[in-house]
Number of protein chains: 2
Amino acid sequence: MSNAKVLPLVESDGQGVVPCCPPLTERPMTAEEAEAAARMFKALGDPVRLRLFSAVASHEGGEACVCDISDVGVSQPTVSHHLKKLKEAGLLTSERRGTWVYYRVEASVLAAMGQLLTLPAAA
Amino acid sequence: MSNAKVLPLVESDGQGVVPCCPPLTERPMTAEEAEAAARMFKALGDPVRLRLFSAVASHEGGEACVCDISDVGVSQPTVSHHLKKLKEAGLLTSERRGTWVYYRVEASVLAAMGQLLTLPAAA
DNA sequence: CATCTATGTTGACGTCCATCGATACACATG
DNA sequence: CATGTGTATCGATGGACGTCAACATAGATG
């Protein structure tokens, strides 16, 4: 139930594969591009999610068990909720190994978001 | 009434100036850093705002009059509302010239957001 | 000053969302 | 299989947010 549609970057949404991310400054985004990109930004638009994401991203080996990062001042269900949101946005992937669930950053998505914010080589 | 506190990047919020943006992957963000950064990401977390922002960013001379970009499928008050949000987030600045109001991107903020999403030089 | 256009503000409304406690599920271990 | 720990889901709740119509403000022009 979670096979296709991994990266919101390359939405195989309607008729084909749409690379969502020309730099924001290159041309006005279409409604569809904006929809896809906004999902990712929105996912990082919450302080708790940002801390969770950063905790995973900065953790040894690029991955972290939930137990390693859940000290962000909210309840355990809320942590789980936010991790799910980040996963749905394509920013994280998860894998269960025994008792623990490990989350890791989807580097390509992060890179693409960076591309989006790229500025033309101005002074 | 809009003099101090220009960049959410360098929040002169409480006791001093806090540069908000070590790469997300460098170390876990603090609550304060996350709060500041999340404001910016949240501002781009709406499709309409993203389109407006992109329209300004990609417009000739890096600035655009509201009338040039307000064709995003929502009412005029809504456009105004979103531009205000982008301005409050530090992503846009505005200037009135005669009848029209021109918005322009705050390049430094955009650059800092890009930094935030920087990945360590992995393969 | 009257009027027109461009933009911002206000107030209301419906929906989304972050949060929690309670509970369920997954795995390990005895 | 019983129990304990780690994680996810459910249902509820309060607040935030996107949207609009109506109105207000700013500048230009006659």
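Fair warning: this is a prediction, and the values are worked out from it, not measured in the lab.

### Some words on the protein's contact with DNA strand C
Then, number 1: Around DNA strand C, the structure places 25 residues, and the nearest of them are Arg49(A), Ser75(A), His82(A), Gln76(B) and Tyr103(B).
Then, number 2: Near the protein, within 4 Å, the atoms of DNA strand C are sugar or phosphate in 75% of cases.
Then, number 3: Here Cys67(B) contributes a backbone N or O atom positioned 3.3 Å from a phosphate oxygen of DNA strand C.
Then, number 4: One of the side-chain N or O atoms of Tyr103(B) is found 2.6 Å from a phosphate oxygen in DNA strand C.
Then, number 5: Take the surface near DNA strand C: its biggest share by element is five residues, from helix H4 (residues 76-88) of chain A.
Then, number 6: Of the residues contributing to the surface near DNA strand C, the split by class is ten nonpolar, nine polar and six charged.

### Some points on the state of the cysteines
Residue and element names in this part refer to chain A.
Then, number 1: Inspection of the entire model under this criterion finds two disulfides over all chains.
Then, number 2: Between the sulfur of Cys65 and that of Cys67 lies a disulfide, 2.4 Å long from S to S. Residues Cys65 and Cys67 share a disulfide whose torsion about the S-S bond is about 130°; that sign makes it right-handed.

### Structural notes on H4(A)
Residue and element names in this part refer to chain A.
Then, number 1: Taking 1.5 Å per residue, 13 residues should reach 18 Å; H4 reaches 18 Å between its end C-alpha atoms and fits that length.
Then, number 2: Regarding H4, the residues found buried are Val79, His82, Leu83 and Leu86. Down the axis of H4, the smallest arc covering the buried residues is 100°, so these residues share one side. Among the exposed residues of H4, those oriented more than 90 degrees off its buried face are Pro77, Lys84 and Glu88.

### Section: the pattern of salt bridges
A side chain with one charge can pair with a side chain of the opposite charge if their charged atoms come near.
All names here are of chain A.
Then, number 1: With the rule as written, the count across this model stands at eight salt bridges over all chains.
Then, number 2: A salt bridge links Glu63 to Arg97; the nearest nitrogen and oxygen atoms lie 2.5 Å apart. Taken together, the residues span a long stretch of sequence, with Glu63 in strand E3 (residues 63-65) and Arg97 in strand E4 (residues 92-97) at a distance of 34 residues.
Then, number 3: A relative accessible area of 16% places Glu63 in the buried class.

Quick notes on the rules
- Residues numbered from 1 in each chain as written.
- Chains lettered and ligands numbered in written order.
- Predicted model: local features only at pLDDT ≥ 70, side-chain atom pairs only at ≥ 80, totals over all residues.
- Heavy atoms only, no water.
- Near = heavy atom within 4 Å.
- Polar contact = N/O pair within 3.5 Å; in protein donor to acceptor, adjacent residues only side chain to side chain.
- Helix = DSSP H or I, 4+ residues; strand = E, 2+ residues; numbered from the N terminus.
- Nonpolar A, V, L, I, M, F, W, Y, C, P; charged D, E, K, R; others polar.
- Disulfide = S-S within 2.5 Å.
- Expected span 1.5 Å × (residues − 1).
- Buried < 20%, exposed > 50% of the residue type's maximum accessible area, 1.4 Å probe, protein only.
- Arc of directions from axis to C-beta.
- Salt bridge = Lys/Arg side-chain N within 4 Å of Asp/Glu carboxyl O.

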